[in-house]
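Given next are the chains, with one letter for each unit.
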Amino acid sequence: MQASTRKVETHTLHSQALGEERVLKVFVPPGAGDEPLPVVYCHDGIEFFTHGRVATQAHEAILAGKLAPCYIVGIAVNLDRRRDDYAFDGARHREYLQFVADECIPFLDERYPMDDRRRYMAGISLGAVATLSFVLEYPQWFHRVMLFSGAFFPPYQRRVAEAIDLSRLYAYMFIGEDERQANTPSGVFDFWSYNEAMRDILIDRGAEVSYHTGPGNHIWGVWQRHLVAALSEIVLV
């Protein structure tokens, strides 16, 4: 594939469900035309572009033949309401699900040739919890996901353990080796144990899990290094 300029487009969508505006960033892969292509939806989406450099990395990987062409959508987070939106028990979680499913996806499907048979999702920390919630609520849409350093606290583990059948799910998981005592704005947590437990729950419910560990703590500098590997596994040609 010939070299081209990296293309990222920005939209602002007013959400009726949330009662606020949300910014959507869309990475348009090199060579994109009228052919429907896979799409990866990312929670904490602006950070995926700024801290994770996902557009730059994906662009280079596609040109190098290391990643199938795909759209990547970054859904901006409302930092003041992040837990309310992302957590299973969050005060606005149902509304956030509705925003993505009923407002965000149709809005983008009208503007880009996104393949509705190949919708994927990615999340980091509490965003990984939100990603699993979409798997449970919309299994017809989301069955290949990227889960980095998930904030899989015991109540969320129990919720996923209640799932009857996750045999359609393929999950790429990554956890840093220093996350046994991960410092976050909410406190210090043993994300290592939480992710091992969630891995076992997913496998027990029939999911296929590609589980990865590596040096590092609960920070974007670590996650950034693993984005292309994760995307290349979850995005199907």
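Everything quoted here is computed from the prediction, not taken from an experiment. (Residues numbered from 1 in each chain as written. Predicted model: local features only at pLDDT ≥ 70, side-chain atom pairs only at ≥ 80, totals over all residues. Heavy atoms only, no water.)

1. Remarks on the packing of helix α4 (residues 93-109) against helix α5 (residues 126-137)
Where we set the bar: Simply put, an axis is a line fit to the C-alpha atoms, just over the touching stretch for a helix, and the angle between two N-to-C directions goes from 0 to 180 degrees. A run of DSSP states H or I qualifies as a helix once it reaches four residues; a run of E qualifies as a strand once it reaches two. Both are numbered from the N-terminal end. An angle counts as roughly parallel when it lies under 35 degrees, as roughly antiparallel when it exceeds 145, as roughly perpendicular when it falls between 65 and 115, and as oblique in every other case. Should any heavy atoms of two residues lie within 4.5 Å, those residues are considered in contact. Any residue outside Ala, Val, Leu, Ile, Met, Phe, Trp, Tyr, Cys, Pro, Asp, Glu, Lys and Arg is labelled polar, Gly included; the first ten of those are nonpolar and the last four are charged.
With their axes 11 Å apart at the nearest point, α4 and α5 run at an angle of 70° to one another. It follows that α4 is roughly perpendicular to α5 by the angle criterion. Each of H93, R94, Y96, L97 and V100 in α4 lies in contact with α5, whose residues at this interface are S133, F134 and E137. Counted by class, the contact of α4 with α5 contains four nonpolar, two polar and two charged residues.

2. Some words on the pairing of strand β1 (residues 7-15)
Counted only if it meets this: If DSSP finds at least two bridges between two strands, the strands pair.
Strand direction decides the pairing type here: β1 and strand β2 (residues 20-28), joined by nine bridges, are antiparallel. Across the sheet, the residue bridging to L13 is R22, located in β2. In this structure, the hairpin formed by β1 and β2 is closed by a connection of four residues, where G19 is found at a positive phi of approximately 70°.

3. Points about the UniProt feature "transmembrane region" (unreviewed entry) in the chain
As a reminder, the rule being used: UniProt positions are given in the numbering used here, feature names are shortened, and annotations may be inferred rather than shown by experiment.
Residues given the UniProt feature "transmembrane region" (unreviewed entry) here are residues 120-141. Secondary structure content for residues 120-141 is 55% helix and 23% strand, while the C-alpha to C-alpha distance between its ends is 8 Å.

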